[in-house]
Amino acid sequence: MTSDFTKPICRFEHLSNEVIYEIFDYLDFNDIHQSFVKLNKRFHDLVNSLAYPVRIDVPFMSKSTFQRYIGFLISYQNRITFFRSSSPLIDDLLSSTLTKMTQLRTLILENIRSKHLQDILVDLPSLRSLVIKTIDPISSTGDLFRQIFHLPALKYCHTTFPDNWPSCRLPFATTNDYSPIETLVLNNALPMSELHILLSYVPDIRHLSYSIHQWSTYTTMQREPIKLNNLTHLFLHMTRIFHSQMKLLMEQLFSHVRVVYITTLDSPLRLTTNKWEDMVIGALSNLHALHVKFTDDRARYLCWRDQQWCWTQDEQLQSISSVQPITQKCACTNRCSAMSSSYYLSVTQLALRNDISKIDNCVYFPYITKLTLFQYSNATNHSISAILDRIFPLTKLTELIINYPQFCVGKLAELLYFSPNVKKLTVYSISCHKVSSIAIGKSATLKTVSENSRIKDLVIENYGTFADIKLLGDLCPRIQQLTVVLTGSNASSCASLLTFLLEEQKYNTRHLCSLWLMNVSSRFNRILRSMVLPPRISVESTNDSIYYWW
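Every value quoted in this text rests on a predicted model; they were computed, and no experiment measured them.

A.B. asks: Go over the packing of aromatic side chains, please, and point to the residues and values.
C.D. replies: Considering all chains together, one arrives at 15 aromatic pairs under this definition. Ring centres of Phe 29 and Tyr 76 lie 5.0 Å apart, and the angle between their planes is 80°; on these two criteria the pair is classed as edge-to-face. One end of the pair, Phe 29, is in helix H2 (residues 29–36); the other, Tyr 76, is in helix H4 (residues 63–76), with 47 residues separating them in the sequence. Considered together, Phe 29 and Tyr 76 belong to a single accessibility category, that of buried residues. By the ring-pair criterion, three or more aromatic residues cluster together here, those being Phe 12, Tyr 21, Phe 24, Phe 29, Phe 36, Phe 43, Tyr 52 and Tyr 76.

Structure representation (structure tokens):
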């Protein structure tokens, strides 16, 4: 007898178009095209419907696959609304294609060579969000930002360059030069005089984040004060704070700001609350909140809200904090009840430090996807996974950063066992005593982690030994991109490392298609560049790094 409960409730093709499109959002469009476009007429029409926007994400892709991918992109270039690339060696193939994406709304170019930007940022009439991270210095930031400010629909701009801010040499903006940008993130320190010029191009700006450089050059406005009436949120990063210049900056540029976040290496002992009231609070009549993070020796926080000051130096706050992409928040475990539930629902990134065993009464963060784990002391008998699972669901993690020297591989395996959806892993260095590739095959936990691993991007911040790489390769056999930061003591072994990783048909590196060696000395850079490699491998080098793609 067959029960009705054993019959399938619904087949995939019986789902509505709306549900299928939602499922497609979780898949790469190239996979969608290959799997569904020839299935039947209905799916062919769904994939090719002009109403369905195409999202392209190509952070990791082999060279041969991408060369085939280019032809695929050309056929859909008028429907592409999102495009992301993180390889410095695909710029030559992309430059002409990107300029024809007339519907492109979001463009993320990570690790791009600066020489290609001028050709790419020419005619993108629908672009609303732009993220640029170059691997080499910009020869002229003035020319670059002139192109950026001429993009007619741009609302969000985020730039990162490898060196300090080069001279901008832009004139002050006129009415015809105004940009519609509302959020501007500048990850490089720049002179205050040049910030003044840049801000003249963005009168509608609402959120600004930048690093202060060369305080001494900023004494007074060179022209009439810029009116930034819509600027409400300000994020400043600085080494040292000077009272008079800070007060002048607030009065002349940021008088309408409502929320200020400041991160500084300065000492909190030098900056009393009276000084803060004079140079920031007194200068900003609309200010609602001021948050200052001192990072001179250990994280300490100074907050001003509702006309009240709050110094926070307790271990609870230092143990747990959250950071949003543009807004920064600090979650204090002994003040959770005073915060609204919407705060916890908005947090997606979490940083843990110091004694995590004291995190007992923290409110649950249900949407954490990125965890940064600093050096900690776990004085309890509970495992680290058991402690973390009381704070957020480990199964939702997609990125894990372990900024902990000589982190035990056993603990790493435990974390990955309970976090099966991690796609990017960053480790400072690992300790693999009593653990080997043979042990991974024998241990049920290690074997499960290896078989179920979804990690495609692996970063090693402090390369230890050749054995560490092999062990992590066994633990994460599906990595497609590997980034290794070398140190002087182990740079000599990078030739052997390179030979091992570039071998074809290697079981634990068979998915690997890009390798980035960073902090390479000029001497070893020449040695590595002189190595004879197979023709299939492309190489790009900068002053202190070498990138391989095949």
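A.B. asks: Before we move on, can you summarise the pairing of strand E9 (residues 259–264) with the specific residues and values?
C.D. replies: Counting buried residues in E9 gives six out of six residues, a clear majority hidden from the surface. Neither face of E9 is open: one carries Val 259, Tyr 261 and Thr 263, the other Val 260, Ile 262 and Thr 264, and all of them are buried. As paired elements, strand E8 (residues 233–238) and E9 share six bridges and run parallel to each other. Counted as the bridge partner of His 233 is Val 259 from E9.

A.B. asks: Please provide a residue-by-residue account of helix H17 (residues 466–475), values included.
C.D. replies: In terms of residue burial, H17 counts as a mostly covered element, since seven of its 10 residues are buried. Where H17 is concerned, the buried positions are Asp 468, Ile 469, Leu 471, Leu 472, Gly 473, Asp 474 and Leu 475.

A.B. asks: Give a description of the pattern of salt bridges that names residues and reports values.
C.D. replies: Scanning all chains against the criterion turns up nine salt bridges. Asp 45 serves as the salt-bridge partner of Lys 41, at 2.8 Å between the closest nitrogen and oxygen. Within this pair, Lys 41 and its partner Asp 45 are both found in helix H3 (residues 41–48), separated by four residues, close to a single helical turn. Its salt-bridge partner being Lys 247, residue Asp 278 comes within 3.3 Å of it at the nearest N-O pair. On the criterion of sequence distance, the pair formed by Asp 278 in helix H10 (residues 273–281) and Lys 247 in helix H9 (residues 243–253) is long-range, its members being 31 residues apart. Judged by its relative accessible area of 30%, Asp 278 is partly exposed. One salt-bridge network, held together by shared partners, links Asp 57, Arg 84 and Glu 110.

A.B. asks: Mind laying out the environment of Thr 175, listing which residues take part and the relevant values?
C.D. replies: Along the chain, Thr 175 turns up in the loop between strand E5 (156–160) and strand E6 (183–191). Since its relative accessible area comes to 59%, Thr 175 is described here as exposed. C-alpha of Thr 175 to C-alpha of Tyr 201: the two residues are 26 residues apart in sequence and 8.6 Å apart in space.

A.B. asks: I'd like to hear about the pairing of strand E25 (residues 545–549), residue by residue, with values.
C.D. replies: Every regular strand shows the same layout, with side chains that alternate between the two sheet faces. Counted residue by residue, E25 has five buried out of five residues, so it is predominantly covered. A two-sided burial pattern is seen for E25, the buried positions comprising Ser 545, Tyr 547 and Trp 549 on one face and Ile 546 and Tyr 548 on the other. Pairing geometry for strand E23 (residues 514–518) and E25, over five bridges, is antiparallel. Paired with Leu 515 across the strands is Tyr 548, a residue of E25. Of the pairings in the sheet, the one linking strand E24 (residues 538–541) to E25 comprises four bridges and is antiparallel in character. Looking across to E25, one finds that Val 539 is bridged to Tyr 548. Connecting E24 to the next strand, E25, in antiparallel fashion are three residues.

A.B. asks: For the packing of H2 against H3, give the residues involved together with the corresponding values.
C.D. replies: Relative to each other, H2 and H3 sit at 155°, their axes nearing to 10 Å. By the angle between their axes, H2 is roughly antiparallel relative to H3. When you trace H2 past H3, the crossing you get is left-handed. Along its contact with H2, which presents Phe 29, Ile 32 and Phe 36, the element H3 presents Phe 43, His 44 and Val 47. Class assignment of the residues belonging to the contact of H2 with H3 gives a composition of five nonpolar, one polar and no charged.

A.B. asks: I'd like a description of the nonpolar core, backed by residues and values.
C.D. replies: Counting 98 residues, the largest nonpolar core has Phe 83, Leu 107, Ile 148, Tyr 210, Phe 254 and Trp 276 as its most contacted members. The element that contributes the greatest number of residues to this core is H4, accounting for six residues. Dropping the residues within four chain positions of it, Phe 254 is found in contact with Leu 195, Leu 199, Leu 208, Tyr 210, Leu 231, Leu 234, Leu 249 and Leu 284. Of all hydrophobic cores here, the second largest spans 55 residues; its members include Ile 430, Val 449, Leu 458 and Leu 501.

A.B. asks: Explain the side chain of Glu 540 to me, using residue names and the numbers behind them.
C.D. replies: By secondary structure assignment, the location of Glu 540 is in strand E24. For Glu 540, the side chain forms a polar contact with the side chain of Arg 113, separated by 2.9 Å. Other than its neighbours up to four places away in sequence, Glu 540 contacts Leu 89, Arg 113, Ile 135, Ser 545, Ile 546 and Tyr 547.

Cut-offs used in this document
- Residues numbered from 1 in each chain as written.
- Predicted model: local features only at pLDDT ≥ 70, side-chain atom pairs only at ≥ 80, totals over all residues.
- Heavy atoms only, no water.
- Phe/Tyr/Trp six-rings, centres within 6.5 Å; stacked < 30°, edge-to-face > 60°.
- Helix = DSSP H or I, 4+ residues; strand = E, 2+ residues; numbered from the N terminus.
- Buried < 20%, exposed > 50% of the residue type's maximum accessible area, 1.4 Å probe, protein only.
- Pairing = 2+ DSSP bridges.
- Salt bridge = Lys/Arg side-chain N within 4 Å of Asp/Glu carboxyl O.
- Axes fitted to C-alpha atoms, helices over the stretch in contact; angles between N-to-C directions.
- Parallel < 35°, antiparallel > 145°, perpendicular 65-115°, else oblique.
- Left-handed = near helix turned anticlockwise from the far one by under 90°.
- Contact = heavy atoms within 4.5 Å.
- Nonpolar A, V, L, I, M, F, W, Y, C, P; charged D, E, K, R; others polar.
- Core = buried A, V, L, I, M, F, W, Y, C linked by side-chain atoms within 4.5 Å.
- Polar contact = N/O pair within 3.5 Å; in protein donor to acceptor, adjacent residues only side chain to side chain.

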